[in-house]
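Coordinate analysis (summary)
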Amino acid sequence: MARDLPGFLDHLRRHYPALLAEVERQVNPERFEVTALLEQLQRGRQFPTVLFKSTTNLRGQPCEFSIVSNVFATREHCAAALGLPPEQAGMALSLHYSELERRTIPPEVVGRSQAPVKECVRLGEAADAAELPIVRHYEMDLGPVLTMAHVIKAPDEDFYDVTFCKTFYKHDPRRMAISIHSPHFERLLAAYERRDEPIPVVNVLGHHPAFYLGALALAPWGNNDYATIGSFLGEPLRLVPSETWGDRFLVPADAEIVIEGEIPPGERVVVDPFGEITRLYQAQCLRQVFNVKAITFRRGAIMQDVFSGNQGHWNLGGIPKEGSIYNALQRRFGTIRAVHLPYSGCSRLACYVSIDKSREGQAKEIGLVALTETWTVQTVVVVDADIDVFNEQDVLWAIHTYVDPSRDIDLVKNVGTTVFTTAMQRSKVIVDATRPSHVAFPERFKVPDEALARVTLEEWLPQFARPAVPRPAEPPRPLPR
């Protein structure tokens, strides 16, 4: 069987039940009932994936779709999605991601009878987006919003770009709005608009989480994201001809729900406010129209949602960027130990890099390159190899101990672009928080390694020894090499 979202949820039930919660009572997602529950879990520092089994649609009627959110709520969830045990959810996960990003597995095309997403097909007037349980997230949001990934195919080239965008329901079940901020998508939109042609686009509302983690690799222009996603799934992504464009546009066969639509050239409508990644509202702006052409789905489909501006949202973009930035920096410098995008920077705005420093100035060179790898990063902090970038207390200690502000902090003005609501806007900061080597400077103290190995908590104070993280009852399927 191909990897899909129901299979992943079953995997959590069997092997990591603490990572999954199932809600039996009916929820109305437009009345904030989904996000109210997720918010209360987060305030209690609990982050299970939550499956809402009974939902209502935008007409307030019981519907056939369930909702799942918090699929990426912890790094442990993401590790499970990529076949790693939870204790490898730190840099091991980022390095595994960077390895998967370097490979591709070509997709394969299957017939409609083999595609679960074709079990139910709605065309024309029957393609009614109001039948879906679309979530309204925050009190000042413009309305209910779909938060999952879209696919656009290049007009004259044979590659597909998969990118997360927001789709706003605009009180018309067949005419919505799509908020696009991706440089690759914007380039594709411009290519179609120069031809004055409608732009085919699909919204994939549920798939195995590895599908979405693979979609967020920092791939170059022209990369076929369907092939990159195959690497993360560990098998070819199965595709099927679309209802609207046939085999000229292929869609994921094992998705839960696919909305096929067209973006008419030149048309714009108001989108936002919406509570975004920075935990602030995005200001209103004009974005493209999304005309619904078809909706296809599995029987008993699970509509996937991202709880915007919270841990799952941060992990979904942060872990891929850690792997991609690590690959780029290691290729160029060969001295990189670890890369982390911390929650304090919404896993987008700040980047911590640890290095084997060999000379003064090296940290700033690395910081400058890191800034160019993703437009989202505004601050790069470079530390020594003995600093754990996944322990923010360690990083802050290095900043407060090693940094001479007049020498080690650099402000780069008027560079890049951002759609995020932050005061820094088009400014970037590099902090060299490595131990100074141009002057005499004390070493960090340490207890000898020999003594740590000889005097252990397990032997001397077993009641204080950290319990082992439970492993799955059976090992996950290995990814192909």
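Notes on the structure follow. (Residues numbered from 1 in each chain as written. Predicted model: local features only at pLDDT ≥ 70, side-chain atom pairs only at ≥ 80, totals over all residues. Heavy atoms only, no water.)

**A short note on the environment of A328**
Checked against the element boundaries, A328 lands in helix α8 (residues 311-333). Assessed through its relative accessible area of 9%, A328 is described here as buried. Considered as a pair, A328 and S98 are 230 residues apart in the sequence and their alpha carbons are 9.5 Å apart. (Helix = DSSP H or I, 4+ residues; strand = E, 2+ residues; numbered from the N terminus. Buried < 20%, exposed > 50% of the residue type's maximum accessible area, 1.4 Å probe, protein only.)

**Focus on the pairing of strand β23 (residues 350-355)**
Burial within β23 is extensive, with six of its six residues counted as buried. As judged from the four bridges shared by strand β22 (residues 336-340) and β23, these two strands associate in the antiparallel manner. Paired with A338 across the bridge in β23 is S354. One ladder, built from six bridges, connects β23 with strand β24 (residues 379-384); its direction is parallel. The partner of I355 across the bridge, within β24, is D384. With helix α9 (residues 362-373) bridging β23 and its parallel neighbour β24, the resulting β-α-β unit is right-handed. (Pairing = 2+ DSSP bridges. Right-handed = clockwise from strand over helix to strand, strands pointing away.)

**So, the sheet that holds strand β21 (residues 302-304)**
Within the open sheet, the four strands sit side by side as β1-β2-β5-β21. Their pairing is mixed. The sheet is open, and its two borders are formed by β1 (20-23) and β21, each paired with just one other strand. Across this sheet, the average inter-strand angle for adjacent strands is 20°, counted without regard to direction. For β1 and strand β2 (residues 49-52), the ladder comprises four bridges, and the chain directions are parallel. Considered in β2, the bridge of V23 is made with F52. Along the sheet, helix α2 (residues 33-43) makes contact with β1, β2 and β5 (66-69), crossing β2 at roughly 155°. (Axes fitted to C-alpha atoms, helices over the stretch in contact; angles between N-to-C directions. Contact = heavy atoms within 4.5 Å.)

**What about empty space enclosed by the protein?**
Using the criterion set out here, one finds three cavities of 30 Å³ or more in the structure. Of the volumes computed, that of the largest cavity is approximately 40 Å³. Considering only residue class, the lining of the largest cavity consists of four nonpolar, four polar and one charged. Quantified by volume, the second largest cavity comes out at close to 40 Å³. Lining the second largest cavity, in full, are L38, L41, Q42, Q46, F47, N70, A73, F307, N310, Q311 and G312. Of all the secondary structure elements, the ones that give two or more residues to the lining of the second largest cavity are α2 and α8. In terms of residue count, α2 provides more of the lining of the second largest cavity than any other element does, three residues in total. Considered class by class, the residues forming the lining of the second largest cavity number five nonpolar, six polar and no charged. (1 Å grid on protein atoms, 1.4 Å probe; cavity = no way out; pocket = protein on both sides within 12 Å on 5 of 7 lines; lining within 4 Å. Points joined across faces, edges and corners; volume = space filled by probe spheres on them. Nonpolar A, V, L, I, M, F, W, Y, C, P; charged D, E, K, R; others polar.)

**Thoughts on the packing of α8 against α9**
At their nearest, the axes of α8 and α9 sit 10 Å apart, and the two run at 140° to each other. One way to sum up the angle between α8 and α9 is to call them oblique. Of the two possible hands of crossing, α8 and α9 adopt the one that is right-handed. Here I325, A328, L329, R332 and F333 of α8 come into contact with α9, specifically with E365, I366, V369, A370 and E373. Taken together, the residues of the contact of α8 with α9 break down into seven nonpolar, no polar and three charged. (Parallel < 35°, antiparallel > 145°, perpendicular 65-115°, else oblique. Left-handed = near helix turned anticlockwise from the far one by under 90°.)

**Re the pattern of salt bridges**
Applying the stated criterion to the full structure yields 33 salt bridges. Notably, a salt bridge pairs K118 with E260, separated by 3.9 Å at the nearest N-O pair. Taken together, the residues span a long stretch of sequence, with K118 in the loop between β6 (108-109) and β7 (120-123) and E260 in strand β16 (residues 257-263) at a distance of 142 residues. Linking D156 and R195 is a salt bridge whose minimum nitrogen-to-oxygen distance equals 2.5 Å. Taken together, the residues span a long stretch of sequence, with D156 in the loop between β9 (149-153) and β10 (160-164) and R195 in the loop between α5 (183-194) and β13 (199-204) at a distance of 39 residues. You can call R195 partly exposed: its relative accessible area is 34%. Salt bridges here are not isolated pairs; linked through shared partners, they connect D10, R13, E22, E24 and K53. (Salt bridge = Lys/Arg side-chain N within 4 Å of Asp/Glu carboxyl O.)

**Concerning the environment of F441**
Its location among the elements puts F441 in the loop between β26 (428-432) and α12 (449-454). Taking relative accessible area as the criterion, F441 reaches 28% and is therefore assigned partly exposed. Separated by 61 residues in the primary sequence, F441 and V380 have C-alpha atoms spaced 23 Å apart. The contact partners of F441, leaving out residues within four places of it in the chain, are T401, Y402, R435 and P436.

**Observations concerning the nonpolar core**
Among soluble globular proteins, nonpolar side chains are generally buried collectively. Grouped together as the largest cluster of nonpolar side chains are 90 residues, with contacts concentrated most on I257 and I259. Among the elements that make up this core, the one with the highest residue count is helix α6 (residues 209-215) (five residues). Apart from the residues lying within four places of it in its own chain, the contact partners of I259 are L132, L146, M176, V201, V202, N203, L205, F290, V292, A294 and I295. (Core = buried A, V, L, I, M, F, W, Y, C linked by side-chain atoms within 4.5 Å.)

**So, the layout of surface pockets**
Approximately 1,100 Å³ is the volume found for the largest pocket. Looking at the largest pocket, it is lined by 49 residues, and the ones nearest its centre are T163, L216, L218, K321 and W375. Those elements that place two or more of their residues in the lining of the largest pocket are β10, α5, α7 (225-233), α8 and α9. If one sorts the elements of the lining of the largest pocket by residue count, α8 sits on top with eight residues.

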